[in-house]
Structures are given as C-alpha cells and as structure tokens.
Protein chains: 2
Amino acid sequence: MAAQRAKTPRDSSARQRLTAADWADAALTAMGEGGLAAVAVEPLAARLGATKGSFYWHFSNRDALIEAALERWEEVDTEAVITEVAAEPDPGERLRRLLLMAANRSAADPRDVSLLASAAHPRVAAALARVTARRLGYVAALFTELGFPEDEARHRGLLAYTAFLGHTHLGHAVPQSLPDGAARDRYLDGVIETLVRP
Amino acid sequence: MAAQRAKTPRDSSARQRLTAADWADAALTAMGEGGLAAVAVEPLAARLGATKGSFYWHFSNRDALIEAALERWEEVDTEAVITEVAAEPDPGERLRRLLLMAANRSAADPRDVSLLASAAHPRVAAALARVTARRLGYVAALFTELGFPEDEARHRGLLAYTAFLGHTHLGHAVPQSLPDGAARDRYLDGVIETLVRP
DNA sequence: ACCTGAACACCGTTCAAGT
DNA sequence: ACCTGAACACCGTTCAAGT
C-alpha cells in the first residue's frame with residue numbers, strides 16, 4: 001500500500017528521495033482510511049520515512065496536497081469505472097454493471113463517502129461538482145440510449161445515482177442493513193427492473 | 001443558535017455557569033456546521049465564553065461530548081420526523097411527506113451526511129446502526145401497509161431510503177445537480193410513482 | 001535540488017488552585 | 001460544585017542550515 005516510485009524500486013532499508021506523486025498517493029490512501037482528517041502531514045511523513053520539512057519542499061501546504069489527491073481520485077474513481085464499462089454494447093447491461101460495481105465497491109472504498117462529507121472544503125466541493133456532473137451525465141445518457149425522452153432519462157438517472165450513493169454510504173457505515181449474497185442479487189435485479197420499466 | 005439554559009436566561013454580558021446539556025447542544029450545532037472535526041473543545045469553549053478546563057468538569061473527554069451530541073441527534077433527526085408524520089392516516093401520503101422532508105432538509109441539515117462519513121468512529125457507528133434500523137423499519141412498514149409482501153416491502157423501503165440518503169448528500173455537496181422548484185416536485189412525484197407501482 | 005531539525009502556533013488533556 | 005490558568009503532547013507551518 002506504500003507509495004513507491006516506478007523508476008527505482010525502493011525498500012524501507014534504502015529509501016530514495018520522494019516525489020510529489022508519492023505524497024499524493026499516500027494522501028489518497030490515507031483519505032480512504034480515515035477521511036480528510038487523516039490527510040495529516042506529520043503521520044504521512046512518518047509513514048513515508050521522511051520529515052515534515054521534506055513535505056514542504058514538494059507542496060506549499062496541506063491544502064495543495066489535498067488538491068493533488070483529489071485529482072488522482074477523479075481519475076481512479078470515475079474515469080476508470082466509466083472506461084471499464086464502456087466496452088459493453090448493451091446500455092441495459094452497462095447500467096447493470098455500473099450498479100453492481102456500486103454494490104461491490106461500497107464495502108471496499110469509503111472515499112466517495114468521506115469526500116461527500118467534506119463538501120465544505122472548497123477544493124473538495126469543486127472536485128465533487130465535476131465528478132457528479134460527469135457521473136450523472138453518463139447515467140442519464142444510458143437511459144436516453146434505452147429509449148427514454150431526455151427529461152425522463154435525467155430523472156431516472158438521478159434516482160439511480162442517488163440510490164447508488166445512498167447504497168454506498170450504507171454499505172460503508174451500516175453494512176448489516178444491506179442484503180447479502182443471493183438476497184443482494186435479487187434486490188439489485190428488482191431495482192434495475194424498477195428503473196428500466198417504461 | 002447559542003446554547004441557552006431554560007431556567008435563567010443568560011446574555012453574553014452576564015453569563016451563568018454551564019451545564020452538560022449546554023455543551024452537548026453546542027457540539028451538535030458545531031457538528032452540523034463542520035462535521036465531527038468541528039466538535040473541538042477549545043473553539044466550543046471560546047463560543048460559550050468558558051475555558052477548556054470548565055469542559056473537563058462536565059465531560060471526561062471529547063469522546064463523551066460526541067456521545068452526548070449523538071444522543072440528541074437520534075431524538076431530533078429521527079424520532080421527531082417520525083412523530084410528525086405519524087398523524088397522517090394514509091400510508092402513501094406518509095411516504096410522500098417523508099420524501100418531501102428529505103428534499104427540504106437536504107439543503108438545511110448536513111448532520112446525516114457528516115455522521116455517515118464518520119462511521120469509523122465507534123460511537124458514531126453504534127448510533128448510525130440504531131438510527132438506520134429504525135428508519136428502514138419505518139419505511140418498510142409503510143410499504144407493507146401499502147399492500148406489498150414483506151420481502152418486497154423491505155426491498156422497496158431500502159431503495160426509497162438509499163435514494164433519500166443519496167439525495168440528501170447531493171443536496172448538501174452539489175446542490176446544483178438536483179432539480180429545483182417545479183422540476184423538483186415533478187421529480188419527486190415520479191419517484192413516488194415508481195416506488196409505489198405494483 | 002531536496003532534505004533535516006529546531007522553532008512556534010493551535011487544540012486535547014491534566015491538574016493544582018481558586019470561588 | 002464548578003471554574004480558571006498553567007502545563008504538556010501532537011500536528012501545521014516556517015526557515016536556516018545541511019548534502
């Protein structure tokens with residue numbers, strides 16, 4: 001999980017100098033583990049085997065580190081998912097796969113959750129606005145492809161996305177409240193049927 | 001907005017001693033404004049015109065203050081809403097009112113959002129589990145009253161509640177992504193129709 | 001160019017002393 | 001019984017000095 005440079009593999013016994021990307025990756029990891037509050041310079045420095053002073057060579061302050069981590073997040077948690085799903089030609093099946101990923105990621109990746117809660121932070125708010133527009137646009141386009149008129153497609157896309165978000169949050173905070181195993185598949189099928197019905 | 005005691009009205013010029021309830025109310029307010037991180041002893045002390053030392057007379061530590069604030073939250077943000085809606089005899093209309101409150105509170109009250117994101121905190125997790133069970137149980141019972149078999153009622157209740165949660169989150173973090181005014185009413189009607197259709 | 005180490009401000013916690 | 005004020009540890013930030 002530690003941020004490693006590609007060029008020269010580095011182990012804890014003989015470590016090289018750090019790059020800004022090392023700090024940003026470590027920050028994104030920390031954000032997933034403990035939210036924005038866990039993006040703390042001193043603990044990260046300890047984890048990377050450096051001093052706080054080193055950090056301030058690469059970044060002007062903690063806020064700049066958060067910004068860099070957020071840029072990585074936009075790539076990893078939105079574009080990567082959309083790219084992965086884009087190969088599937090049937091829009092109904094694409095929708096199904098998107099929702100399945102939601103259910104699967106809900107337990108694993110708490111970053112969406114912690115970022116939504118940190119919307120008061122200006123940099124977080126800006127990243128959220130971009131990511132939300134991108135996701136809602138993508139899902140609405142799916143419903144358009146399925147044959148719904150534009151207005152209805154946006155509404156259904158919004159319902160699908162809010163349900164996705166809420167599901168992710170519950171999976172992170174209160175996992176026992178979500179159906180499990182076969183019951184989860186039945187639930188998901190029911191949701192998709194409800195969303196796709198004319 | 002400041003926590004005031006009922007007995008002796010207190011203004012800033014001649015303030016009395018503080019009670020544990022004063023600190024808990026101030027903590028809940030702060031939580032709404034800036035999340036768990038904003039429940040900070042020193043700033044709260046400043047706001048209440050007392051010293052940090054005073055705080056440690058009423059509470060053993062910051063964690064105990066969080067616990068007290070969470071108890072207030074369970075009352076205010078769950079029981080109060082359920083009580084308010086309970087008067088309405090028609091279950092379909094009760095559902096409608098619940099979702100309307102969701103849409104209205106989404107802009108105003110970010111406490112659900114910040115608490116869901118703080119699920120890593122053990123006390124928060126316990127409060128969330130209780131509140132989630134209570135809310136899901138209530139909504140599922142609504143669908144049972146509407147005539148759905150138990151399994152289907154739970155599924156629809158979960159879809160309704162996750163959509164509610166996601167809607168609240170978006171309303172807080174990216175309000176411009178939600179429909180507004182008349183469009184919001186149309187959206188809400190569509191969602192309810194979708195949820196209630198056999 | 002990149003990093004260390006010491007310094008200082010801010011908040012959590014403790015505690016002896018005040019009323 | 002309730003509170004103050006000083007003390008100390010932890011993390012953000014700065015900066016002079018090292019390699």
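Every value quoted in this text rests on a predicted model; they were computed, and no experiment measured them.

Whenever I open this one, the protein's contact with DNA strand C confuses me. Can you help?
Looking at DNA strand C, there are 16 residues lining it, with L18, T51 and H58 of chain A together with E42 and Y56 of chain B nearest. For DNA strand C, the fraction of protein-proximal atoms (within 4 Å) that sit in sugar or phosphate groups is 62%. W57 of chain A has a polar side-chain atom sitting 3.2 Å from a phosphate oxygen of DNA strand C. Within the backbone of V41 of chain B, an N or O atom sits 2.8 Å from a phosphate oxygen of DNA strand C. Of all the elements, helix α3 (residues 52–58) of chain A adds the most residues to the surface near DNA strand C, at four residues. Within the surface near DNA strand C, the residues separate by chemical class into six nonpolar, six polar and four charged.

Just to check I follow, could you spell out the interface of chain A and chain B for this structure?
Interfaces are often sized by the accessible area lost when the parts come together. The interface is formed by 36 residues belonging to chain A together with 36 residues belonging to chain B. Taking both sides of the interface into account, the surface hidden between chain A and chain B amounts to around 2,900 Å²; carbon and sulfur atoms contribute 74%. At the boundary of chain A and chain B, one finds zero salt bridges. Across the contact surface, chain A and chain B share three residue pairs in polar contact (both at pLDDT 80 or more). A per-element tally of the side of chain A that touches chain B places helix α8 (residues 150–173) of chain A first, with 15 residues.

Hey, could you run me through the packing of helix α7 (residues 122–145) of chain A against α8 of chain A in this one?
Describing two packed helices takes the angle between their axes plus the distance from one axis to the other. Residue and element names in this part refer to chain A. The interhelical angle for the contact between α7 and α8, taken along N-to-C directions, is 125°, at an axis separation of 8 Å. For the element pair α7 / α8, the angle class is oblique. Helix-helix and strand crossings are classified by hand; for α7 and α8 the assignment is right-handed. Residues T132, R135, L136, V139, A140, F143 and T144 of α7 form the contact with α8, whose participating residues are A153, R154, R156, G157, L158, A160, Y161 and F164.

Would you mind showing me how to read the UniProt feature "DNA-binding region" (unreviewed entry) in chain A here?
Within the UniProt annotation, "DNA-binding region" (unreviewed entry) is assigned to residues 40–59 of chain A. In this annotation, residues 40–59 of chain A is assigned 75% helix and 0% strand; the end-to-end C-alpha distance for the span is 13 Å.

Conventions used here
- Residue positions are counted from 1 within each chain, in the order its sequence is given.
- Following the order in which they are written, the chains are lettered starting with A and the ligands numbered starting with 1.
- The predicted origin of the model limits local features to residues at a pLDDT of at least 70 and limits the giving and counting of side-chain atom pairs to 80 or more, whereas totals for whole chains, interfaces and linings rest on all residues.
- Side-chain measures here rest on the full set of heavy atoms in the structure, leaving out hydrogens and waters.
- Near is defined per residue: the residue qualifies when any heavy atom it owns lies within 4 Å of the molecule or strand.
- Think of a polar contact as two N or O atoms within 3.5 Å of one another; within protein, one of them needs to be a possible hydrogen donor and the other a possible acceptor, and neighboring residues in sequence only count if both atoms come from side chains.
- Comment: elements are numbered from the N terminus, with helices defined as DSSP H or I runs of at least four residues and strands as E runs of at least two.
- Three residue categories are used. Nonpolar comprises Ala, Val, Leu, Ile, Met, Phe, Trp, Tyr, Cys and Pro, charged comprises Asp, Glu, Lys and Arg, and polar comprises the others, including Gly.
- Whether two residues are in contact is decided by their heavy atoms: any pair within 4.5 Å suffices.
- Simply put, the buried area is the total loss of 1.4 Å probe accessible area from both parts when two parts are fitted together.
- Each reported salt bridge corresponds to a side-chain nitrogen of Lys or Arg within 4 Å of a carboxyl oxygen of Asp or Glu.
- Helix axes are fitted only over the stretch in contact, all axes being lines through C-alpha atoms; the angle between N-to-C directions runs from 0 to 180 degrees.
- For classification, angles of less than 35 degrees are called roughly parallel, those exceeding 145 degrees roughly antiparallel, those between 65 and 115 degrees roughly perpendicular, and all remaining angles oblique.
- The hand of a helix crossing depends on one turn: near helix anticlockwise from the far one by less than a right angle means left-handed, and clockwise means right-handed.
- UniProt positions are given in the numbering used here, feature names are shortened, and annotations may be inferred rather than shown by experiment.

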